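Notes for the structure review
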Amino acid sequence: MVAKLQDVAKRAGVSVTTVSRVINGYPSLSAKTIKKVHQAMADLNYQPNALARAMQGKSSQFIGLIFPTLVNPFYAELVNELEYQLFSRGYKTIIASSTRSEAMEKDYLTMLIANQVEGIISGTHNLDIAAYHSVAAPIVSFDRYLADGIPIVSSDNYRGGQMAAQFMVDHGVKKVAMIVDEDTSVSPTLNRLQGEGDVLKKYGVNYTPLNRSETDLAKTFPGDYDGVIASNDIDALVIRRLARAAGKDVNSDFFVTGYDGSDLIQRIAPDLATVVQPTKQLARSLIETLLKKIKSPQSTTESPDPLPVRFHN
């Protein structure tokens, strides 16, 4: 049975009003009273109602996180880092995985607003969602354009694209498959493709853009390509496996680069060439940008400069 405020008051031997004052941090309460109430709450496993606190004008101390999938280890590690850093600042998180579904994302957005979260960090890949234009809660985006006025935190996609393409050039690759994410908005990820294209054109390397959502990896690779620039590490590992099964000598006559460089991928596939995004720094920048918006909701919060990436080879 779920404990109520009255149960806590009875166990602590104080009034319901006193329990409420302890929960809401009212001054002029003795240390003895505060200790008794906290002990009663712990004994009964009582959890204050964050929504009720928000309706009273108190901070809910909740931040909503919406990301496309937690199956990808990079997103899992970024969300974990966000949760850890937010907790250290006194916030708790409500995590929603949209599974690349616009309908799910809309529902989760509505749910987060209904629960009076202090702000939202969104790493969604679903585009043209009009709901973001009308959300009153402060929002910060990771790597995606959501709506005018919503700041974007990202790493240096252009430089990352250059690094991946330079790896192909340095290894004498002649025909490159450049896997393109389905995002066609003005998001920072387009800079990655621009960086790849600029380097490959500079050195006269033939390349073919392939739309990831329309590409069956098993039917496409290795094909007649001798190099693939994948848009994430998971696809890169799948393509390497397909190439080896077809008799290719990976990192000798067939080259693949990934993107993201999560700790997990670097441990299980240390020989995978990949662009490494700075997870801890991205989480810190996302949080600091969001807290600025929470503190000054009416002022314009600019997108911070892209964070540096590095190439792991």
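Residues numbered from 1 in each chain as written. Predicted model: local features only at pLDDT ≥ 70, side-chain atom pairs only at ≥ 80, totals over all residues. Heavy atoms only, no water.

Looking at the nonpolar core
The condition that has to hold: The definition of a nonpolar core used throughout is a set of buried Ala, Val, Leu, Ile, Met, Phe, Trp, Tyr and Cys residues joined through side-chain atoms within 4.5 Å. Buried means the residue's accessible area, taken with a 1.4 Å probe over protein chains only, is under 20% of the maximum for its type, while exposed means over 50%, and partly exposed covers the values in between. Put simply, DSSP H or I for four residues or longer makes a helix, DSSP E for two residues or longer makes a strand, and each gets a number counted from the N terminus.
In terms of nonpolar packing, the biggest core is built from 20 residues, with Leu65, Phe67, Leu78, Leu82, Ile121, Phe142 and Leu286 touching the most fellow members. The set of elements that each furnish at least two residues to this core consists of strand S1 (62–67), helix H5 (73–88), strand S4 (139–142) and helix H13 (279–295). The element that contributes the greatest number of residues to this core is H5, accounting for six residues.

Let's talk about the packing of helix H1 (residues 5–12) against helix H2 (residues 16–23)
So the rule is basically this: Here the axes come from fitting lines to C-alpha atoms, over the contacting stretch only for helices, and the angles between their N-to-C directions go from 0 to 180 degrees. If an angle is under 35 degrees, it is roughly parallel; if it is over 145, roughly antiparallel; if it lies from 65 to 115, roughly perpendicular; otherwise it is oblique. Residues are treated as being in contact if the distance between any of their heavy atoms lies within 4.5 Å. In this classification, Asp, Glu, Lys and Arg are treated as charged, Ala, Val, Leu, Ile, Met, Phe, Trp, Tyr, Cys and Pro as nonpolar, and every other residue, Gly included, as polar.
Two elements in contact, H1 and H2, have axes whose closest approach is 8 Å; the angle formed by their N-to-C orientations is 105°. Between H1 and H2, the crossing angle belongs to the class labelled roughly perpendicular. Here Leu5, Gln6, Val8 and Ala9 of H1 lie close against H2, whose contacting residues are Val16, Val19 and Ile23. For the contact of H1 with H2, the residue count by class is six nonpolar, one polar and no charged.

Observations regarding the pattern of salt bridges
Here is the rule: Salt bridge, as applied in this entry: a Lys or Arg side-chain nitrogen positioned within 4 Å of an Asp or Glu carboxyl oxygen.
According to the stated counting rule, one finds six salt bridges in the structure shown. Linking Arg11 and Asp43 is a salt bridge whose minimum nitrogen-to-oxygen distance equals 3.2 Å. With Arg11 in helix H1 and Asp43 in helix H3 (residues 31–44), this pair connects stretches of sequence that are 32 residues apart. Where Glu288 meets Arg89, a salt bridge forms, and the shortest distance between an N and an O atom there is 3.7 Å. Taken as a pair, Glu288 in helix H13 and Arg89 in the loop between H5 and strand S2 (92–97) lie far apart in primary sequence, 199 residues in all. Residue classification places Glu288 among the partly exposed residues on the basis of a relative accessible area of 36%.

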